[in-house]
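Architecture at a glance
Okay, here's what each chain looks like letter by letter:
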Amino acid sequence: MLRINDILDKVQSYLSPDQMAMIEKAYVFTAAVHQGQIRLSGEPYLTHPMEVCGILADMKLDVATLVTGLLHDTVEDTLTTLDQIEENFGKDVAFLVDGLTKIGKITFESKEKRKAENYRKMILAMSTDIRILMVKLADRLHNMRTLQFQPQEKQLLIAQETLDLYAPLANRLGINWMKTELEDLSFRFLDFDAYSELARRVAKKQDKRREYTNQVKQIIQREMERSNIKGRVEGRAKHFYSIYQKMKEQNIDFDEVYDLTAFRIILDSDNVKDCYEALSMIHALWKPVPGRFKDYIAMPKANHYQSLHTTVIGPSGERVEIQIRTQAMHEWAEDGIAAHWLYKEGREISKDDEEIKRLRDLLDIQQEVQNPREFMSSLKIALFPEEVYVFTPKGEVKAFPKGATPIDFAYSIHTDVGHTCIGAKVNRAIVPLKYQLQNGDSVEIITQAGHHPSKDWLKYAVTSKALSKIRNWVKTEELEKSLSLGQDLLEKEFKKHNLKLGTASKSVEMQQIMKELHLSSFEDLLSSIGYGRISPKHIVRHFVGEGEEKKDEVVEKKPRKDRPGEEIGVSLTGLDDIMIRFAKCCHPIPGDEIIGYISRGRGVIVHTTSCPHVRDMDPERLVNVHWNIKDKKDYQVDMKVVCHDSKGVLAAISSAISAQDVNIESADVTTNNSNNTVTCFFGLNVGNLNQFKDVVDAVKRVRGIISAERVKPS
């Protein structure tokens, strides 16, 4: 078992005495809270956090990460609370432990749920501080090293999860040694027979391979000395899983795998040109294999691995794979992110450091300093900013687009849950339905039978499923209301003329009316009447005789008026007998681009097309309207004027407006003493947009005017 002194020996070269004392304090704390707990191996549970901390110490991570390694299971597996962690070890450690506790809730139980890439994205997105991910990987590595004590069924499940999820994460962060160990351990438990056979065959060739490896290393080293290329040569046997993968992918037997050993030339110089010089030396020494050269320096891998790879026909005609890199590239290839976080003595670890938006940004924060001490800065990882991952009450994980709300969550569960949603609890606290979900949130939907969606939900939902379901419900609901309203309006109009709608609805005349109006059914006709698109009087006229129609005209004793819209200078194509009024929010005036909205019981409301309220209206209720000015009329418009507070300025503004033959219907004046200005709101009656523009231009010419403009709706 690893002892606390072993860990302190590992970190004494780069941590201060105070920081080492913090590690000792965490050791005492975790030993106390885990006391009496036993692992399946029969060892005290304390061995696990100690081993995790030891792995992190080997990677030379900062004190907060090491302390978190010791404490990472305390909140999940003991009675310890986050408040206690914060009180004893500070907010930074409490934040990291909380992140690990949330990731610990992630389940990976069935093939159906095993979408490895989504889970990798989820863990990266939830690791708002990258140190959380480092501790999680160390935790998984030690669990894999002791997996033999788990039941066989669980061994298979954990090994597959490690191969699909954690090994690729280690690779994504560039930690090659961890990736290879995780893959080999997983391979051993997933296919023990294949693993054992491969290990046996590799061992059988071991002496011969060692001799060949030394021969190749000596040849390369001599050639480097002749070419004055400074560096070292390493020969490393390929790990079992990579050999197994090659055999499967290329459908070859073990005896056909020639490159069991990979050679590396690691240059002392950081000059990239030296890598290409070494490559030329190798190709002059041995014949390269066509199609086996890869330049990962000019085009780095996704995890920012850099090296030159080539395969040549080496001694005895065997294929030899050679990688060429600088020392800095080698450190990244082996340790990834951990190799590139350095800090000067005395520098505070701050969350205000540059955020990691791409792993490539990490290369920019390496600092060339005398005797640098490695650290893991408290940096956020935001590789997948477009997604958020949240928990259901049962601990399942759901992914949503950024900006998603509890409404989206509710509809992702079931349409009925969405329709009857009245509220939500996030992390056990009631939140409004417009709350935007955050990574790691635990979401519970509150429903109520009989409740229905609101049209306002369309402003807050972002997923296509939620938007579609809400729109369909609103459309269906409004259709039902319009059918009912259309039925009532048409029946009343028919009763006025002692006619029966039931009989008329099945008549040839009604079929002819629907054909003229391009309607496919009687329900469409009722709906159009309910929406206000067709007047019930227009339908009844087809069933009223000429005598009765004339009689109605005599009773009215007044000529038929023009269509309502024409009274105010607006026409609606194809519609008549419809009440028309102007919207008070935007006060349209002739010259404005306008559009009509069919309201219930209030006729058509005319807005300017630029009115912000139009965006939230039901598109099916919008109708095209246009100006139809026959006689001169006045239209209300509001104007805002800001001016300096000086004697006679209001009188001058009034005179300028009157000079344009415009009447001031109302005025509201507010004085701002802090900057000695006056804000005036005028209600004006103008004939058209051009006249209003003339008024604005005239007011702007008055001395002391700061601004003059039309009041826009908010």
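Residues numbered from 1 in each chain as written. Predicted model: local features only at pLDDT ≥ 70, side-chain atom pairs only at ≥ 80, totals over all residues. Heavy atoms only, no water.

1. Considerations on the pattern of salt bridges
As a reminder, the rule being used: Think of a salt bridge as a Lys or Arg side-chain nitrogen and an Asp or Glu carboxyl oxygen that are within 4 Å of each other. Burial classes: relative accessible area under 20% of the type maximum marks a residue as buried, over 50% as exposed, and values in between as partly exposed (1.4 Å probe, protein chains only). Every helix listed is a DSSP run of H or I at least four residues long, and every strand listed is a run of E at least two residues long, numbered separately from the N terminus.
Counted according to the given criterion, the structure contains 15 salt bridges. Here Asp6 makes a salt bridge to Arg3, at a shortest N to O gap of 3.5 Å. Classification of Arg3 by relative accessible area gives exposed; the value is 53%. For the salt bridge of Glu161 with Arg140, the shortest nitrogen-to-oxygen distance reads 2.5 Å. With Glu161 in helix 10 (residues 152–172) and Arg140 in helix 9 (residues 130–145), this pair connects stretches of sequence that are 21 residues apart. Exposure remark for Glu161: the relative accessible area of 12% places this residue in the buried category. Among the residues examined, Arg140 registers a relative accessible area of 9% and is labelled buried. It is possible to trace a salt-bridge network through shared partners that takes in Asp62, Asp92 and Arg131.

2. Let's talk about the confidence of the model for the protein chain
We count it as follows: The predictor attaches a confidence to each residue, and that confidence, scored 0 to 100, is pLDDT. Contact criterion: two residues are considered in contact whenever any of their non-hydrogen atoms come within 4.5 Å of each other.
The predicted model of the protein chain has a mean per-residue pLDDT of 79, with 82% of residues at 70 or higher. Low pLDDT, under 50, characterises residues 109–115; the predicted model gives this stretch seven contacts beyond four residues in sequence or across chains. Low pLDDT, under 50, characterises residues 340–385; the stretch is placed with 109 contacts to residues that sit more than four places away or in other chains.

3. Re the sheet that holds strand 17 (residues 604–608)
What counts is decided by this rule: What makes two strands pair is DSSP finding at least two bridges between them.
Judged by pairing direction, the sheet is mixed, and its four strands sit side by side in the order 15-17-16-18 without closing on themselves. With partners counted over all chains shown, the strands left at the sheet margins are strand 15 (580–582) and strand 18 (622–623), one partner each. As defined by bridge partners, strand 16 (residues 594–598) adjoins strand 18 across two bridges and the pair is classed as antiparallel. Residue Gly596 lies in a different strand from strand 18, and its bridge partner there is Val623.

4. Topic: a positive patch on the surface
Heads up, the rule is: Grouping into patches uses exposed residues only, defined as over 30% relative accessible area, and leaves out salt-bridged ones; the cut-off is 9 Å for like charges and 5 Å for nonpolar side chains (Val, Leu, Ile, Met, Phe, Trp, Tyr). The accessible surface values rely on the Shrake-Rupley method and a 1.4 Å probe; as for residues, cover is taken only from the protein chains in view. Only four residue types enter the tally: Lys and Arg on the positive side, Asp and Glu on the negative side, with His and both chain ends excluded. Charge positions come from single atoms, namely NZ of Lys, CZ of Arg, CG of Asp or CD of Glu.
On the surface, Arg292, Lys294, Lys301 and Arg319 cluster together into a positively charged patch. Examined against the element boundaries, Arg292 turns out to sit in the loop between strand 3 (287–288) and strand 4 (294–295). Classification of Arg292 by relative accessible area gives partly exposed; the value is 31%.

5. Here we look at the sheet that holds strand 13 (residues 443–447)
Convention followed: Note on geometry: axes are C-alpha line fits, over the in-contact stretch for helices, and angles between N-to-C directions span 0 to 180 degrees.
Read across the open sheet, the three strands follow the order 12-11-13; overall the sheet is antiparallel. The open sheet has two edge strands, strand 12 (429–431) and strand 13, and neither has a second partner. Neighbour to neighbour, the strand axes of the sheet diverge by 35° on average, direction disregarded. Two elements, strand 11 (residues 421–426) and strand 12, share three bridges in a ladder whose sense is antiparallel. Bridging across to strand 12, Val426 finds its partner in Ala429. Against the sheet, helix 17 (residues 406–413) touches strand 11, strand 12 and strand 13, its axis set at about 80° to strand 13.

6. Digging into the packing of aromatic side chains
We count it as follows: Only rings of Phe, Tyr and Trp enter the pairing, Trp through its six-membered ring, and a pair is recorded when the two centres are within 6.5 Å. The plane angle decides the type: under 30 degrees is stacked, over 60 is edge-to-face, the rest tilted. Whether a charge lies above a ring is judged from NZ of Lys or CZ of Arg, which has to be within 6 Å of the ring centre and within 35 degrees of the ring normal.
Under the counting rule described, the total for this entry stands at 12 aromatic pairs. Arranged with centres 5.5 Å apart and planes meeting at 85°, the rings of Phe29 and Phe89 form a pair that is edge-to-face. Residue Phe29 is located in helix 2 (residues 17–33), and its partner Phe89 is located in helix 6 (residues 82–89); the two are separated by 60 residues in the primary sequence. A ring pair is formed by Phe494 and Phe543, whose centres lie 5.5 Å apart and whose planes are at 55°; its orientation type is tilted. With Phe494 in helix 19 (residues 464–496) and Phe543 in the loop between helix 23 (536–540) and helix 24 (546–556), the pair connects residues that are 49 residues apart, well separated along the chain. Classification of Phe494 by relative accessible area gives buried; the value is 0%. A cation sits over an aromatic face here: Lys25 above Phe89, 5.4 Å from the ring centre.

7. Brief notes about unusual backbone geometry
For Arg428, which is not glycine, the phi dihedral falls at a positive 70°. The class for Arg428 is exposed, based on a relative accessible area of 81%. One non-glycine residue, Asn676, lies in positive phi territory at about 60°. Following the sequence through the fold, Asn676 ends up in the loop between strand 21 (663–672) and strand 22 (677–686). On the accessibility criterion, Asn676 (44% relative accessible area) is partly exposed.

8. Thoughts on helix 14 (residues 240–250)
The complete set of buried residues in helix 14 reads Phe240, Tyr241, Ile243, Tyr244, Lys246 and Met247. Where helix 14 is buried, its residues meet helix 10, helix 11 (176–190) and helix 12 (192–204). Asn251 occupies a position one or two residues after helix 14 and carries a positive phi of about 55°.

9. So, the environment of Leu279
Looking at the secondary structure, you find Leu279 in helix 15 (residues 272–285). Residue classification places Leu279 among the buried positions, given a relative accessible area of 9%. When the C-alpha atoms of Leu279 and Leu308 are compared, they prove to be 7.8 Å apart, with 29 residues separating the residues in sequence. Dropping the residues within four chain positions of it, Leu279 is found in contact with Phe293, Leu308, Thr310 and Ile324.

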